[in-house]
Structure formats: structure tokens, C-alpha cells
Amino acid sequence: MTAPAPVSHAPDGYVCPFCGLVAGDVSDPGNRCELGDTVYQDEDLLVLIAVDGFGDHEGHAMVCPAEHYENLYDLPPRVLQRIALMAQQVALAMKRAWAPDGVSTRQHNEPAGNQHVWHYHLHVFPRFEGDMLYRQLRHPVAPEVRARKARELAAALDPDPTRLD
């Protein structure tokens, strides 16, 4: 049995904020990303601080492919492997930078799966005892806070995220 062909859920005229960030152009009025949100970027990946926070703890990160893939179904296996390895590196960097009590990841696909940005991204959350992450409403995080969090996380990120030891 073959899988159905992927269907794009992006609205007509959609301008991808993550593709803009990868290209270094966040000038589109609908793009809430700022260049200072970038933690790490290479030919395959982008790591950024999310524009929205949950509860009292701002500064969760997202790991995205540098090339545009709408969701999990579209990702080539090699890119998915890089995302998984980078998510581990980001989690370890969070432990070094912010000393959370734990780390959670989550990822959404299609509208029914709660996806609202039409470029694959894996959320990596620093977790703190009693933070009630999954019961919090999303709220905007100021660009200067995101830029500070990006610098902190980048400083704690392993300089060789492709290392396999």
C-alpha cells in the first residue's frame, strides 16, 4: 500500500518565516522572526529561539531544516537524522546554559496536529518543576529577549554538532 501524496496546507501566497530567516531576510511584515533569533545555522539546519513563550519560561528553541519541507512526511531521512542529532545537542546546551530540571520535545503536522507554521520544526523546551508547560497559553516573546536567549544557547552549544560519540 502506498502512502497518499503530501498535501500542502500553506495558504495561497504564504511567505515562510523560517525560509526568510535562513536567507537572512525577515523583512516580510508577516514574519515575526528576527535575525537575532538564530542560534545555529549550516547548509542543512537552522536552530532558532521561538517567537512565542509558554508560561514564565521564555526561550525554547526550534530545530528546522534549512531547506523548505512542510512537515515530517516530506523530510529526507538524512535531514531527519541531522535534526534528531541537533535536538540532542540543543537539549544538552540548554542544560549547560539554563540548568533546567528537564527537557521536552514536540513536533506538529497538519492543522489537526496543531501545525501553524508550514515549515517543519521540532520544539525543544527547557522544563522546570511545576512549569505546567502543556497547560500554558502561548504568548509573544520580545525580540531582545529572544536575541539574548539565542546568544546564551549558542555559547553553550557544542561546536561540533555532527559528532557521533
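Before any of the text, the structure's been laid out above.
Residues numbered from 1 in each chain as written. Predicted model: local features only at pLDDT ≥ 70, side-chain atom pairs only at ≥ 80, totals over all residues. Heavy atoms only, no water.

## Things to note about the sheet that holds strand β4 (residues 61-65)
Alright, step 1. Read across the sheet, 5 strands follow the order β1-β2-β4-β6-β5 without closing on themselves; strand pairing throughout is antiparallel. If you trace the sheet from one side to the other, it starts and ends with β1 (38-41) and β5 (102-107), each paired once. Strand-to-strand twist of the sheet, defined as the mean angle between neighbouring strand axes without regard to direction, takes the value 20°.
Alright, step 2. Here 5 bridges tie strand β2 (residues 45-49) to β4, and the two strands are oriented antiparallel to one another. Each bridged residue has a counterpart across the sheet, and for Ile49 the counterpart in β4 is Ala61.
Alright, step 3. Strands β1, β2, β4, β5 and β6 (122-127) of the sheet are contacted by helix α2 (residues 77-98), whose axis makes an angle of about 20° with β6. (Pairing = 2+ DSSP bridges. Helix = DSSP H or I, 4+ residues; strand = E, 2+ residues; numbered from the N terminus. Axes fitted to C-alpha atoms, helices over the stretch in contact; angles between N-to-C directions. Contact = heavy atoms within 4.5 Å.)

## Some points on the nonpolar core
Alright, step 1. Counting residues in each nonpolar core, the largest one holds 25 residues, and the members touching the most others are Val39, Val47, Ile83, Met86, Val90 and Leu153.
Alright, step 2. Secondary-structure elements contributing two or more residues to this core are β1, β2, β4, α2, β6 and α3 (143-156).
Alright, step 3. The element that contributes the greatest number of residues to this core is α2, accounting for 9 residues.
Alright, step 4. Sequence-distant contacts of Ile83, that is, excluding residues within four places in its chain, are made with Leu45, Val63, Pro65, Leu75, Tyr120 and Leu122.
Alright, step 5. Ranked by size, the runner-up nonpolar core spans 12 residues in total, among them Leu21, Leu48, Ala50 and Met62. (Core = buried A, V, L, I, M, F, W, Y, C linked by side-chain atoms within 4.5 Å. Buried < 20%, exposed > 50% of the residue type's maximum accessible area, 1.4 Å probe, protein only.)

## Looking at a nonpolar patch on the surface
Alright, step 1. A surface patch of nonpolar side chains, about 270 Å² in accessible area, is lined by Leu72, Tyr73 and Leu80.
Alright, step 2. Relative to the helices and strands, Tyr73 is located in the loop between β4 and α2.
Alright, step 3. On the basis of relative accessibility, which here comes to 52%, the residue Tyr73 falls in the exposed class. (Patch = residues over 30% accessible without salt bridge, like charges linked within 9 Å, V, L, I, M, F, W, Y side chains within 5 Å. Areas by Shrake-Rupley, 256 points an atom, 1.4 Å probe, with all protein chains shown as cover. Salt bridge = Lys/Arg side-chain N within 4 Å of Asp/Glu carboxyl O.)

## Topic: the pairing of β4
Alright, step 1. Burial runs high along β4: 5 of the 5 residues are buried.
Alright, step 2. Burial of the side chains of β4 extends over both faces: Ala61, Val63 and Pro65 are buried on one face and Met62 and Cys64 on the other.
Alright, step 3. Across 3 bridges, the pairing between β4 and β6 is antiparallel. Bridge pairing in β6 links Val63 to Leu122.

## Overview of the pattern of salt bridges
Alright, step 1. Taken as a whole and judged by the stated rule, the model has 7 salt bridges.
Alright, step 2. A salt bridge links Asp131 to Arg127, with the nearest nitrogen and oxygen atoms 2.7 Å apart.
Alright, step 3. Judged by relative accessible area, Asp131 falls into the buried class, the value being 12%.
Alright, step 4. Taking the relative accessible area as the measure of exposure, Arg127 reaches 18% and is therefore buried.
Alright, step 5. Here the salt bridges share partners, and the residues they tie into one network are Asp42, Asp44, Arg78 and Arg82.

Functional significance is not addressed by these values, which are geometric in nature.
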